[in-house]
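Residue-level structural notes
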Amino acid sequence: MLQISSLIQSELAQIRGNFTGKDIVSLEQFAVDDIRLLFSVAREMKRVAVNNMPSARLAGYLVSLLFFEPSSRTFGSFCAATKRLGGQTLDIQNPEAVTSVYKGETFEDTIQVFEAYSDVIVLRHQLAGMARRAAEVASIPVINAGDGNNEHPTQTLLDLFTLHERFGRLDHLKGLLVGDLLNSRTLHSLMRGLSLFKGNTVYLLSPQLLRLPADEIVSLRARGLRIVELASEEDIPRDCAFWYWTRVQKERFASSADYQAVARQSFVATPELLARYASKDMILMDPLPRVGTIDPAVDSDERAVYLRSQIRNGLYTRMALLALVLGL
Amino acid sequence: MLQISSLIQSELAQIRGNFTGKDIVSLEQFAVDDIRLLFSVAREMKRVAVNNMPSARLAGYLVSLLFFEPSSRTFGSFCAATKRLGGQTLDIQNPEAVTSVYKGETFEDTIQVFEAYSDVIVLRHQLAGMARRAAEVASIPVINAGDGNNEHPTQTLLDLFTLHERFGRLDHLKGLLVGDLLNSRTLHSLMRGLSLFKGNTVYLLSPQLLRLPADEIVSLRARGLRIVELASEEDIPRDCAFWYWTRVQKERFASSADYQAVARQSFVATPELLARYASKDMILMDPLPRVGTIDPAVDSDERAVYLRSQIRNGLYTRMALLALVLGL
Amino acid sequence: MLQISSLIQSELAQIRGNFTGKDIVSLEQFAVDDIRLLFSVAREMKRVAVNNMPSARLAGYLVSLLFFEPSSRTFGSFCAATKRLGGQTLDIQNPEAVTSVYKGETFEDTIQVFEAYSDVIVLRHQLAGMARRAAEVASIPVINAGDGNNEHPTQTLLDLFTLHERFGRLDHLKGLLVGDLLNSRTLHSLMRGLSLFKGNTVYLLSPQLLRLPADEIVSLRARGLRIVELASEEDIPRDCAFWYWTRVQKERFASSADYQAVARQSFVATPELLARYASKDMILMDPLPRVGTIDPAVDSDERAVYLRSQIRNGLYTRMALLALVLGL
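Each value, and the rule that gives it
Residues numbered from 1 in each chain as written. Chains lettered and ligands numbered in written order. Predicted model: local features only at pLDDT ≥ 70, side-chain atom pairs only at ≥ 80, totals over all residues. Core = buried A, V, L, I, M, F, W, Y, C linked by C-beta atoms within 7 Å. Buried ≥ 20, exposed ≤ 12 C-beta atoms within 10 Å, placed from the backbone. Contact = placed C-beta atoms within 7 Å. Helix = DSSP H or I, 4+ residues; strand = E, 2+ residues; numbered from the N terminus. Nonpolar A, V, L, I, M, F, W, Y, C, P; charged D, E, K, R; others polar. Least-squares fit on C-alpha atoms with pLDDT ≥ 70 in both. Domains from an automatic or database assignment. Pairing = 2+ DSSP bridges. Axes fitted to C-alpha atoms, helices over the stretch in contact; angles between N-to-C directions. Parallel < 35°, antiparallel > 145°, perpendicular 65-115°, else oblique. Left-handed = near helix turned anticlockwise from the far one by under 90°.

Right, let's talk about the nonpolar core for a bit. Membership of the largest hydrophobic core comes to 293 residues, with the highest contact counts inside it found for Trp243 of chain A, Trp243 of chain B together with Trp243 of chain C. For Trp243 of chain A, the contacting residues outside a window of four places in its chain are Leu176, Val178, Ala269, Ala278, Met282, Leu284 and Met285 of chain A.

Below is the structure:
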C-alpha cells in the first residue's frame, strides 16, 4: 500500500517539501503520503546501515543532540543515525552539561546558540511543549526526541514502520495494547498514528487505575479507530497482528506504595500467554526499557521484535528523517 | 585596514609562523598583524560554514576538548569548529569525567595523557593560570577556552572580529561597556584588544561597587585607550559604534544579599534606552549568557547581534585558530 | 622474534580468524601467534597515527564506548583509536548517562540496544565478569576495557607491546613489579602475559599486606614464569629490563586509616633509586594514574616511558584490535 513508486514526480516533490527545512514536533503533522515517503527513504537507509556502506549524505552537516533530560537509548539512536550517514554530532547529553541554563539563561537563548552552531537540533526535554517552543525560536529544523508526557513522534514512526515492514500495510490491523494507557505517550501517539489508516482496531488491557481516559476514547473513535477495552487476559482475541506492551512508569506515582499497588495488577507477557492467545504471525513489541512487561523467556521467540527489528527500525527511520529535513 | 592582501609573501609566512604549533593562551600574545591574518582566515571559514561546504582541512586530526569546568556554549563552539573542518573531537565535558583527577593524578600528568591522544588540546579550567601551565607541559598546541577569572582570549578575538566585520576597522571606534567592570575578564580583555589599535575610546557604566580598578585604568590609558567613566545612563554619548553589555556574575558574591544589592543598581538595555541613546549604525553585543542585561524586546532590533553574528563569529574565529595552530 | 613475515599466508588467514568478529574479553584467549599478528598491525597503526595520515579504514563503522564506570584515560584512548582510523564513536561516558539502567532495565537489554546501533562495543564496568556477560549477549564484538578487579586485557597488550618495541622480544626478560600485588589486575594480567613466553623472571616488591597470594604464585610458576619475592629495595637486581610500578588503590581499603598504614610502607621510584639499581637500558613503566608511585623528578629520564611511549602504544594496540575484530 505505501509504495512510493505509485506517486508521480510532481507529487513527490511536494511531499518532500513537507519535510525539507521543517520541524518534526508532533505526529499530528504527518499525512499518509508523508509517512509513505518517509518509509520509502527508511528502507533505503536500512540498506546503508546493514551493509556498513560508508555514506557521505550528511557530510559537512552537524546535528546538535541537545538532551536536557538524559536518555541513553534515544541519544544513541540519533547519534548513530547521524554518523551512519557521514554527519557529525554535537553532544550535550545531560542537563548539567547545559551550563548556561544554570547561569540563568533562558531556554530560548540556549536554542539560538545551538542553532548558530549546527544544522539540525534534536531536542529531548522533561517538559511538555518545549519541542514546539524550540521550533518556534530556531530557524533550523528541530526534531522532538521526547518532550515530557507530551510526544515522542519518532518512537511512533518507528513503531508504524515496524508494523509496515512486517505486514506490508498499516490498515485493517488488529493490535493489543497493554500497560499504562493513562500516561503512556507512546501508546497515545501510536493510536493516533493507527487512526490515520482505515479499519484498524485496538484492544486495550490495563490496570484499573491506568485505563485510557474517556475523552481520549471518544476522540480516537471520532478519528476512525475501533477501540475495545478488555477486562482480563482471557478476553485477548487470538487474531491480533501485534501486541504492544508498555511498563507502568514508577515516576508517575506519588508514593512507592501507590506504584506497588498498581504494579501488582499489571500484566506480563509470558511464553504461556503467547502460547494461549498469540497467533503464529503476530509480532510482540515494547518501546523499552521493559520493566515487568515481558518475561525474558520470550526473547528467543521469533515473534519478539523489541530487541531486534524494532530498535533497528528506530535507527532507519531517524536516518530517513534527518536526510529529509535537510533536503538531501 | 586589516587587508591581508597588502602583505608580501615573506611577511605572511612569518606571521603564519606565529600560529603554527603555538599555544593560544593570552590575548597579549597577538600583534596587529597576527589579528589581521586570523581575520582573513576567519572570513574564509565563514564561507565554508555558511555554505555547508564539506571540508577536509582537519581530516586525520583529533582535538581534545578538555573541560575541567563545564561550559556548553564554548564547548559547542569548539566542537562545531573542529567538525565543520572535517576534524574529530575527543570530548571530556565535565570534571567528573576527568576521572584520573579523582584518583589523585596531577593536572600535568592528565595533560600529557591527552597530548598523547590528540593534536590540539582545548582547555577550560576554573582556575586562573592553568592554560599557561598546560601549554608549558604539552608539546602540542593548547588553546585557552577560559581559565577562571584570568583570560578567555577566543572570546575577545570573536568580539574584535564582530566589530571589524561591521565597521571595516578596529581603530577610532567609540564603545560603551556596561556591567561588571571589576570582575569581567571579557571586558578586561576586550579593552586590551582595543588598545592595540589607535584612537579608540570606551565609555564605562557600572554599579558603584563594580567599577574598573584604578590601576587597570592607568595601565589601559598607558596603552593608548581613551577611557571615560559615566555616572549614569543619561551620560551615554549618542555616537557609540557599539554597546557591550555584561551580566553581574552572581558567583562572585559572598552572599545572595550582596548580589541582590548590586544587581538592583545594574543597567538593562531596553528598547527605550536604545531609542534614546543608540545611533542607527551601532551594534549591541553581549558575550552571553545574558541574565538581567538585555531586554528580550530588543532581540528583533537589527542592531542586536548577540544571538546572531556574534555567536557565529565565535565559530569562524575558532575554526581559523584551529587551522592556523595546526599549520593547515 | 615476533616477525609476522615468517608466517605463511594460510597460517596468517587462520590467525586473523582468531580476531575477526571475536570478543576481546580476557588475556587468556591469546596465543603467541595472535600477539605476533596484533603487534605487526599495531606497528602499522603507529605509522598512521604518528604521521596524521587520514585513514578511512573504519569509515562507515560505529564504535559504542559504553562506560558504566567513568575512566577518562581509557575512554580517550579508545575514542582516539577509533577516530584515527576514520571511524565514529557513540559516547556513553558515565553511569548516569546509561539512563535505561536507572529505569530498571537489565544489563543484557542495554547491551542489545547498543548492539543494534553499532559495530563494536567497548565496555567498561565496575563489576567483574560483565565483559564476558556482554560478549555472550551481543553478536557483535565486545572489547573489555576493564571489568572491576577482573581483567583489563588491552592494558596488558599495550604493556607487552611496549616491552617488545624496546627489546625486540618478550622472552628471557627480567622485570621488577612493585606495588599492590594483591589487588592489581594490571600486574596479574602482565604476569600471565609474560608467562606465555619462555624464560621470563619477575621480582616482586610490595607492602607486606599487599603480597601476591600464594595460589597465584603456584599457578604462575606452573605456567613457566620465574617468580622471586624481594624483602626490600636493597634486593633489587641491577639487570632488570623493566620496572613496573603500580599505585596502592585507596578504594580497596575499608578505612582511610587502613590505607594510610599500608601507603606508608609503599615504595617510590626516585632518581636515587634508579641511580642505584637501574640499568642503563631498562625502561620504567606505570599504568597511570601514578599516585605516590614515581617521583616527577624521574620524568625527564629517558628510561621513563609511562608518559610517553607507554600511553601512545595503548593507542596503537587499540587501533590494531579494532581493525582486527572488524576484519579490516
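This next bit is on the interface of chain C and chain A. Think of interface size as the accessible area that goes away when the parts come together; that is how it is often given. Contacts between chain C and chain A engage 24 residues on the former and 24 residues on the latter. No other element matches helix 5 (residues 107–117) of chain C, which puts 6 residues into the side of chain C that touches chain A. Here the residues of the side of chain C that touches chain A are counted per class, giving 11 nonpolar, 7 polar and 6 charged.

All names here are of chain B. Take Arg308: it is sitting in the loop between strand 9 (283–285) and helix 12 (309–325). According to the C-beta neighbour criterion, Arg308 is partly exposed, with 16 such atoms within 10 Å. Remark: the alpha-carbon pair of Arg308 and Gly146, spanning 162 residues in sequence, is separated by 22 Å.

For the peptide bond that leads from Leu288 of chain A to Pro289 of chain A, omega is -5 degrees, which places it in the cis range. Within the secondary structure, Pro289 of chain A sits in the loop between strand 9 (283–285) and helix 12 (309–325). One non-glycine residue, Leu288 of chain A, adopts positive backbone phi at about 65 degrees. Tracing the backbone through its elements, the reader meets Leu288 of chain A in the loop between strand 9 and helix 12. Here the phi dihedral of His172 of chain B falls at roughly 50 degrees; this positive angle occurs in a residue that is not glycine. Along the polypeptide, His172 of chain B turns up in the loop between helix 7 (153–167) and strand 5 (174–178).

Here the focus is the relation of the copies chain B and chain C. Overlaying chain B on chain C yields an RMSD of 0.1 Å, the required transformation being a rotation through 120 degrees with an accompanying axial translation of 0.0 Å. Classification of the inter-copy transformation places it as that of a three-fold axis. Here only 4% of the interface residues in chain B have copies in chain C that are interface residues too; the copies meet through unlike faces.

Right, let's talk about the domain arrangement of chain A for a bit. Residues and elements named next belong to chain A. Domain annotation for chain A reports domain 1 (4–151 + 312–325) and domain 2 (154–310). In this structure, domain 1 and domain 2 have C-alpha centres spaced 26 Å apart. Counting residues at the interface gives 17 residues for domain 1, matched by 19 residues for domain 2. Counting residues per element, the ones that place at least two in the side of domain 1 that touches domain 2 are helix 2 (32–50) and helix 12.

This next bit is on the sheet that holds strand 6 (residues 201–205) of chain B. All names here are of chain B. Read from one edge of the open sheet, 5 strands run 7-6-5-8-9, paired in parallel fashion. Strand pairing shows two members of the sheet lacking a second neighbour, strand 7 (226–229) and strand 9, which therefore form its edges. If you compare each strand with its neighbour and ignore which way they point, the axes differ by 20 degrees on average. Bridging between strand 5 and strand 6 involves 5 bridges; their strand directions are parallel. From the neighbouring strand, Val178 faces strand 6, where its bridge partner is Leu205.

So, about the interface of chain B and chain C. The interface is formed by 24 residues belonging to chain B together with 24 residues belonging to chain C. Taken together, the elements giving at least two residues each to the side of chain B that touches chain C come down to strand 2 (88–92), helix 4 (99–102) and helix 5 (107–117) of chain B. If you tally residues by element for the side of chain B that touches chain C, the top one is helix 5 of chain B, at 6 residues. When grouped by side-chain class, the residues that make up the side of chain B that touches chain C number 11 nonpolar, 7 polar and 6 charged.

This part takes up the pairing of strand 8 (residues 242–245) of chain A. All names here are of chain A. Neither face of strand 8 is exposed, since Phe242 and Tyr244 on one face and Trp243 and Trp245 on the opposite face are all buried. The pairing of strand 5 (residues 174–178) with strand 8 spans 4 bridges and is parallel. Directly across from Gly175, in strand 8, lies its bridge partner Phe242. For strand 8 and strand 9, the ladder comprises 3 bridges, and the chain directions are parallel. When the bridges of strand 9 are listed, Phe242 appears paired with Ile283.

It is at 9 Å that the axes of helix 5 (residues 107–117) of chain A and helix 12 of chain B come closest, and there the two elements cross at 40 degrees. Comparing the axis directions of helix 5 of chain A and helix 12 of chain B gives the class oblique. Between helix 5 of chain A and helix 12 of chain B lies a crossing whose hand is right-handed. Residue-level contacts link Val113, Ala116 and Tyr117 of chain A of helix 5 of chain A to Ile311, Arg312 and Leu315 of chain B of helix 12 of chain B. Across the contact of helix 5 of chain A with helix 12 of chain B, the residue classes break down as 5 nonpolar, no polar and 1 charged.

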